[in-house]
Amino acid sequence: MMAALLLRRDKKATAAHLKADLNRTDNTAGVRQLQELLDAVLNPEKPAADSEALDWCKCLIAGGDGFEEFCKTVRSYDNATLCGLVWTANFVAYRCRSCGISPCMSLCAECFNNGDHTGHDFNMFRSQAGGACDCGDGNVMRETGFCRRHRLRTGENVPLIPRDLLLMSEMVLPRFIQCIIQYLRDGYVEPDTSTERDLQKVLQQLEPQISFLEELTKMGGAMRTVLTKILTNQQTFKELSMGQEDNLYAKKNYDKYLSALKNSGLVSVEEKAQGATADVTVGAEGGTGEMVLLGTTAPGSPDESSKEEDQDAGQSVGQRKRVKLSSSTKDSCVIESLKHKCFLEELLFWTIKYEFPQKMVTFLLNMLPDQDYKITFTKTFVQHYAFIMKTLMKSHESDTMSNRIVHISVQLFSNEELARHVTEECHLLDIMVTVLLYMMESCLIKSELQDEENNRHVVVNCSEALLKNNTYWPLVSDFINILSHQSVAKKFLEDHSLVMLWMSFVSFFQGMNLNKRELNEHVEFESQTYYAAFAAELEACAQPMWGLLTHCKVKETQEYTKTVVRYCLETLQIWFDAIGFIDEPAPNQVTFHLPLHRYYAMFLSKAIKCQGLDLDSLLPDQEMLMKIMVHPLQIQACLSEIHSNMWVRNGLQIKGQAMTYVQSHFCNSMIDPDIYLLQVCASRLDPDYFISSVFERFKVVDLLTMASQHQNAVLDSEQERPMLEGALTFLVILTSLRIHLGMTDDEILRAEMVSQLCMNDRTHSALLDLIPENPNPKSGIVPGSCSFEEMLSAVADFKAPVFEPGGSMQQGMYTPKAEVWEKEFDPIMVVLRTVYRRDVQSAMDRYSAFLKQSGIHTGNPWPPYKERTPLHHCYKGLIKLLHCKTLHIVIFTLLYKIWMDHQNMSEHVLCMVLYLIELGLDNQLQDTKDEEPCIEEHCHDSWFPGTNLLSNLHHVINFVRVRVPETAPEVRREAPPSTSTEASSYGQNLREAQMFSLVAERRRKFQEIINRNNTEAAQVVRPKSSSTRWVPPGTPPQLVTEILEIRESMLSLLIKLHQKMSSKQNSLSASWLDDMDTGRHAHGDGITAIERILTKAAMRSCQIKRSIQDVCGKVCPPVPPKKNSPTDKKTMDKEERRQRARERQQKLLAEFASRQKSFMETAMDVESPDTEAAMDLGPSEVMESEVLYDCVICGQSGPSTEDRPTGLVVLLQASSVLGHRCKSQEAKNLPTSDEEHIYPADTCGVSHDVRLTLMQRFFKDSSCLQSVSIGWDGGVYVQTCGHTLHIDCHKSYMESLRNDQVLQGFSVDKGEFTCPLCRQFANSVLPCRPGRGTETGSWHTPTNKKTCVLVKEVEDLQEKLGLFPTESNLSKEMELVIKDIKNTTQKKYMDYGKNPGSPDNDFLFMYSVARTNLELELVHRGGNLCSGGASAAAKRSCLNQLFHVLAMHMRLYSIDSAYNPWTKLTQIIQSKEADSFDEERPEVPMLFRDVPSLLIIFVLTMPQPLRKEHFTCVVKMLYSLQFIQALAALSTKFSPEERQAWSTSGALMKNAANAEKSFEALLSHVISELSKGKSVYKVKAEETSVLSSTVWSPQSIEFSLQQFCLPFLRLSCLLQHHLYGDSLTGCLEEEEFSSLAVCLGLLPSAHQPSNSMHSASCLQWVVSAFDLVSQWCVEVTGLSQMQAEQSLTLLVQDPQWAAPRLLQLPDNYNIIFQYYHRKACTSCKKVPKDPALCLVCGAFVCLKGVCCKQQGICECVLHSQHCGAATGIFLLINASVIIIIRGHRFCLWGSVYLDAHGEEDRDLRRGKPLFLCEERYRVLEQQWVSHTFDHINKRWGPHYNGL
């Protein structure tokens, strides 16, 4: 009853009243009232969307105040010292590695900018999963990095909070949260019965409530404390959650919750059956069912406690879902019953159930700055961990969910203190490992490695969604995160059962994604599962391994390493048994995934490198070592097979695997540990066994025979060479790589860096990316190690970014220093690290280029041999490989085969053989004597006496017995009797002299040794002795045994090879050793290498020195070698012939290139129509010499005719570059704050528009349209590449392009094409006029007529009506071009008249095209003509042709003689006021008219070609007008007093003789005339008195007049240059005026240009100057309609404009980014997803935004049409790159912002600070001004209006 009353009252009053009641000492009544009210208000049976409840809560909490006020008050008590700002995906945050303790540390932009991070290693990044700001949290970052706000411990000086302030909150909020939970319970439906939509709907309805909670958390520490109390209070939860007895709704609601718990799969039926601990007792414990977390069986069951391998392994995989948990104490806590004891726990439960809605996540995270909350929440989170995993696996949106999970967990687990606490209290580690195991168990399949039928091993199935979509990554990333804390990692390593569990987890990945070689057909479907497999091994196995390894760095941690190694070996043994492995790997199978091997290897390496453990104490017995080496070796052999194309039928993906295996992000977790493990095995196993295993794995045993022919059972002959090269290269890598065998971290970093730089010059970021992260973490500087930057500057030089002429932009690159090439280039490391084989070649090419350049070696060098760092003493056994008979026999055989030119030998084989010999010489065994064990007695053979390489080098081998096919050449030879007797005497020794049997023998012997040592192994049934395997099948031809006479030693073969290579008979004289210079041997080819080896050998042993001298002495006499020399000669000739052919080819190519170049240069001259063909004709001969044009399509040369016109290839484009010019030379700044703005009012385009509009208000339209030019915005610019073609040829060319459906970057339908010769982009053809060259004498020579005569002639010429040209092909083409020109620009840039499409309008557009092109050429020449000369632009100029086409078109409009401005220029007209029509508007006064426009109109409307004298006459008359305009404009700038003074002083000079040529007299006249009638000067009187502090002197007036007239003179001069081919003379800037005046004939040419030049002296008047001026002025003052200020605006034209500039950008990109990336778009008021900035006008637009689309056109394209007439230059804020829009195409131009290392950061991926690169920006501006975007940028594509 009470509640109903309260509900009706005003909310605020009620709240205040209740608050007062509750504050009394006896508040029971108040409490009761409040509860009743809340029962009514927060009734969960009402729909959640009802906002009334929320309003009540706000009022009640505020206790009668306004809610906003209340918020403010509470905030003032905020005692939080952490920032804790929570953000979601795509937020831009910062990470500073110098300040971070945890690698996950991040800061919001505000805290980052308020902290001091100068010189730190920081970057900006776009958050992927969301995060929170760590500022103020000393556990995650160093205090020095805190921002100003959080550095002060704010908590100390905050006043205590008054009790009553939050009283109401404490009462109301529990009910509010309860209400939310009830809604969540109600709304939940199991996903299988519902759709995702239902859950989304519930969440949408709850949006305001959850947002309200979020608002509360932002009120600061005081409110968070209240919330924490409520969320964690178990009592409140008990009271509210269960529901009272009598409330039916609450009961039902609670039952829903219980069923949701049950359905979560946490209590499953099987578990009950197995007698699990979870007796589901609903009701007893408040009715909360306890839940068993995992499908683990109960700890007590007997089959689990035994440590043996599971007995049930034979059952199908599906049932094998059991995980051994060794200690029974642990399980009870992992299988914790999930009781919800407080609101927080149930809230988290629903958050998970609803798959982590963003708002809930943000609310839960916003609470984290409260410490009590943080601890409780973390525990709750851990409690629900298994449940999270189950939900994640079921989820359809696993990606989003993964991000949200990590968003939470990273905040909890990055804090070491907290992580340790939870590990101890909640068994976090056990839970994580168990959960991961459980997760992977859901997708296991039977392994098919080795024994397919009886294999008992299970592996993960890489094609399952769980692996394919990386669903496991949130859990793995949490695990890696907590292992980064030392205290937690130690706990893990101390717990043996956990380590054992982890090993069984790792073994799921051992042997996954097995590849089987396809032998017959190509595989049908290429699976891409290998991505998933590599990612899984890296993330789930390798990264936790690196995490653990970081804590095993010191002696004290030895025990940990021993534990891991012990369990690794145990698990490996289990694995070998499970896959049924005995001694031979199954053929044609390979898996790249052996994480157990790699764990073992890496822990071994760490133990020896950092912990001083002894290797032998950690190694298993010999037999286990033999097993361990098999699979890694198999991978190495398969790499070779893949590169030899033996796996091509498996598709491209197998190549992808081979590449990924060695790729920089994987190599240190994959190939490096594998090679290290093989090195360990090699150092402890019998070397002969090891070497023979290698050759057998690589399948090249059959090839290693002395015979010239052999049969290979397993390889095709084209695969033999690459496989042999692979085997030898592998041996070289194995014996020379020292990464884990004694190099320090710094040396490793240096070697990695050098090998990457040698392959290619690299950018800084590419280098960072290519260098493996471990063992050198790049983030932060590892104490005691050299930093990345220091190392980089030690080995490389920085090449600053340059701009190549082709327009391609270079980035800043690092290139190796010279001494690095000389001393450190290590081809072996390069081979190991190259993903693509071409990189090895690239490194060698760069190396040889360096040698040539520095003059060390000019030929083709061989890979240099590099000295190695000494081996760690534990691995000395590795050297035995180089000193074993098997290897020596192989080396001997190969040297012999190369010398005899057997097939399938190569330079690379020889190179590797020599490398092995040299390694053997450099790494001698210390104690050779003891190394000969008694085993040697058993298999003694005739090859070599001992194992030492030095002694074996000079050992001569006489005879070898080989098995050869009958057809082989060896069989044919009849053995001479002497040989056969010798052979029989040697019979004993030759018993074993065969390579292949030797290998088999060695293996069998070794097997016996093992059997003897190993009694158990003897019982194992071994396969038949493997020696039988090598007898090839008895296919014809039969094999027969032959005996070869050899009589060579390795030394003699080396010397003979030296001769063969240097192709000299006696290349080494007997005494060459004595005069050897050892220094020059480091670099060179094979000859140098052999010399270096011989020298080394001789230095190490006198015996060898003697042998060398003997051999050299023996060889000198012409004893022909086995091969007869004629053939030698033949090959020599062949080589020479090849060499010569090559040289010839080079020469031809060079010649061709130079011819092409000169052609390109001359083409410009020849085809330019200004040919000097007619220069030598005198005035008498009026022969018309025709200009000849070359057609670039058909190649014919000829004149352009009416019937078959020739045309210039041109590109027409609309341009607004001129319109964007301003008065000031400085570029405008880009606004980067709200205070700055850009005003377009002062641009050229705007001011011309204003002027025209004003004119059209008062004057006759047709007259207006001839008094100005348009085309400042959207004018048509015409440019050409200078090539010509017949127009009919062009048409057929276009047809062929139309039919050719190649993807072109241009649209043929729009008439676009590329010039057939130079491939420049074009879109039209401009017809060349037939007839003479421009400079035909008679038109050019001046006749000495008087000016007045010329004026009359000009008038008559204008009277001549334009004759319509006869209809011909030429005229048709001209019409078409005019149409093209009109179509180039938009309609709005053409129609300025009152009636669009009228002839006047057309006329205006035509002459403006000419004006635009002249003005642009001026801009390209730098704004003036001082540089003179036909600039580069002129060579390719098409203005002459353009004028001709325009003139032809314009002559169709005759100017009515009554209105012809020419008469007003040259005659005094009697005023005819009587008959003027009043209603008709007046014409535009002469003083308002634009003089250059008049000039172009006159020239284009008079009959062509125009005589030069007439042209000059027109210029002279117009100059007078321009001059008077200058005076009038100037006079308005004077103060009234000054004006009076000048007027008076000038009046006195009027009667002087040269008054008409003195500016004083004319100025005075202008002033007095303009003061009459409606004086223009009235306006200014008030304003100017303030401004006119400057006093005008005659000099300053003269200067102003010249400046005013210069633009007109420049334009006239340029026009004259194009019409008559006059050259432009260069001059100084001061003299420009006089030099142009002379050029135009305004001054006599005798005139010496000087600075004291008077502009008035150029004037020539035909009638009285003063009368004419009066007539002009009267037109202005007599305007009745106009206001004085308007006429003033029109009178003062300032023709001077500065060069067009793009906006000035700030130096630091961050300034732009921070201001614009959050800025709202002006039109749609939203923050755009892809904001962009126009660099021409600063407009802020949405790229690709649908929000701002108009008529299907997106905003950027629209803006490019408004602002640049379809050319737009946009900076994409979020990507830092610039895109260019040109018409219907666009291209990515690149970036003008580079980082400190001179590279772009597209899409801001690296987030390093970026700075403006001035050169690039200048180039961009230059391309914009010169309209060359289309030519320079190559990658264009259509944008379909979608940008």
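Residues numbered from 1 in each chain as written. Predicted model: local features only at pLDDT ≥ 70, side-chain atom pairs only at ≥ 80, totals over all residues. Heavy atoms only, no water.

Caption draft 1: Highlighting the overall build of the chain. Check the secondary structure of the chain and you find 76 helices and 27 strands. A total of 1843 residues make up the chain; the buried ones form 57% of that total. When the accessible surface of the chain is totalled, it reaches about 78,600 Å², and 53% of it is carbon and sulfur. (Helix = DSSP H or I, 4+ residues; strand = E, 2+ residues; numbered from the N terminus. Buried < 20%, exposed > 50% of the residue type's maximum accessible area, 1.4 Å probe, protein only. Areas by Shrake-Rupley, 256 points an atom, 1.4 Å probe, with all protein chains shown as cover.)

Caption draft 2: Main features of the sheet that holds strand β15 (residues 1206-1215). In space, the three strands of this open sheet follow the order β16-β15-β19, with antiparallel pairing throughout. Edge strands, defined here as strands with exactly one partner in the open sheet, are β16 (1275-1286) and β19 (1324-1327). Averaged over all pairs of adjacent strands, the angle between strand axes in this sheet comes to 40°, irrespective of strand direction. As defined by bridge partners, β15 adjoins β19 across four bridges and the pair is classed as antiparallel. In the strand pairing of β19, Val1209 is matched with Val1325. (Pairing = 2+ DSSP bridges. Axes fitted to C-alpha atoms, helices over the stretch in contact; angles between N-to-C directions.)

Caption draft 3: Quick look at the confidence of the model for the chain. Put simply, the chain has an average pLDDT of 80, and 80% of its residues get 70 or more. Element-level pLDDT for the chain is lowest in helix α13 (residues 269-273), with a mean of 33, against a maximum mean of 96 in helix α33 (residues 671-684). A low-confidence stretch, residues 1161-1184 stays under pLDDT 50, and its non-local contacts, those more than four residues away or across chains, total 27 contacts. Residue range residues 1334-1338 is modelled with pLDDT below 50. Its contacts to residues more than four positions away, or to other chains, number 10 contacts. (pLDDT = per-residue confidence, 0-100. Contact = heavy atoms within 4.5 Å.)

Caption draft 4: Main features of the pattern of salt bridges. Within the structure shown, the criterion is met by 61 salt bridges. The partner of Asp922 in a salt bridge is Lys1096, and the shortest N-O contact between them spans 3.1 Å. Here Asp922 is found in helix α43 (residues 907-922), whereas its partner Lys1096 is found in helix α51 (residues 1086-1100), with 174 residues between them in sequence. Judged by its relative accessible area of 12%, Lys1096 is buried. Beyond isolated ion pairs, a larger network of salt bridges with shared partners links Glu867, Glu918, Asp922, Arg1092, Lys1096 and Arg1100. (Salt bridge = Lys/Arg side-chain N within 4 Å of Asp/Glu carboxyl O.)

Caption draft 5: Quick peek at a negative patch on the surface. Taken together, the side chains of Asp65, Glu68, Glu69 and Glu215 present a region of like negative charge at the surface. Mapped onto the elements, Asp65 comes out in the loop between α4 (52-62) and α5 (67-75). Among the residues examined, Asp65 registers a relative accessible area of 42% and is labelled partly exposed. (Patch = residues over 30% accessible without salt bridge, like charges linked within 9 Å, V, L, I, M, F, W, Y side chains within 5 Å. Lys, Arg positive; Asp, Glu negative; His and termini not counted. Charge placed at Lys NZ, Arg CZ, Asp CG, Glu CD.)

Caption draft 6: Structural view of the sheet that holds strand β23 (residues 1778-1782). Read across the open sheet, the six strands follow the order β21-β20-β22-β23-β24-β27; overall the sheet is antiparallel. Unpaired on one side and paired on the other, β21 (1740-1742) and β27 (1837-1838) mark the two borders of the sheet. In the sheet, strand β22 (residues 1767-1772) pairs with β23 via five bridges, with the strands oriented antiparallel. Opposite Leu1771, over in β23, you have Ile1778 as the bridge partner. Against the sheet, helix α75 (residues 1814-1825) makes contact with β22, β23 and β24 (1785-1790), and its axis sits at roughly 155° relative to β24, the strand it touches most.

Caption draft 7: Broad picture of helix α34 (residues 687-697). Where burial is concerned, most of α34 is hidden: 11 out of the 11 residues are buried. By the N-cap criterion, in which a side-chain oxygen at the helix start approaches the backbone nitrogen of a residue two or three places on, α34 is capped by Asp686, the distance to Asp688 being 2.9 Å. Lys699 sits one or two residues past α34 and shows a positive phi near 60°. (Polar contact = N/O pair within 3.5 Å; in protein donor to acceptor, adjacent residues only side chain to side chain.)

Caption draft 8: Structural context of the nonpolar core. The biggest cluster of nonpolar side chains holds 296 residues, and the ones touching the most others in it are Phe492 and Phe509. Top element by residues in this core is helix α27 (residues 529-549). It accounts for 14 residues. Once you skip the residues sitting within four places of it in the chain, Phe509 turns out to touch Met440, Val460, Leu467, Ala536, Ala540, Cys541, His593 and Pro595. Cys1264, Val1354, Leu1611 and Phe1666 belong to the second-largest nonpolar core, a separate cluster that totals 130 residues. (Core = buried A, V, L, I, M, F, W, Y, C linked by side-chain atoms within 4.5 Å.)

Caption draft 9: Representation of unusual backbone geometry within the structure. Phi angles above zero are rare outside glycine, and Asn470 is one such case at about 55°. Among the structural elements, Asn470 can be located in the loop between α23 (465-468) and α24 (473-483). Taking the relative accessible area as the measure of exposure, Asn470 reaches 19% and is therefore buried. Notably, Asn1841 is not glycine yet its phi reads approximately 60°, a positive angle. Take Asn1841: it is sitting in the segment after β27. Here Asn1841 falls in the partly exposed class, since its relative accessible area comes to 28%.

Caption draft 10: Up close: the pairing of β23. Taken across its five residues, β23 has five buried, putting it largely inside the fold. In β23, alternate side chains face the same way, and those of Ile1778, Ile1780 and Arg1782 on one face and Ile1779 and Ile1781 on the other are all buried. The antiparallel hairpin formed by β22 and β23 contains five residues in its connecting segment, where Ser1776 sits at a positive phi of about 60°. Where β23 lies against β24, five bridges are found, and the strand directions are antiparallel. Bridging from a neighbouring strand, Arg1782 pairs with Arg1785 of β24. Joining the antiparallel neighbours β23 and β24 is a turn of two residues, in which Gly1783 adopts a positive phi near 65°.

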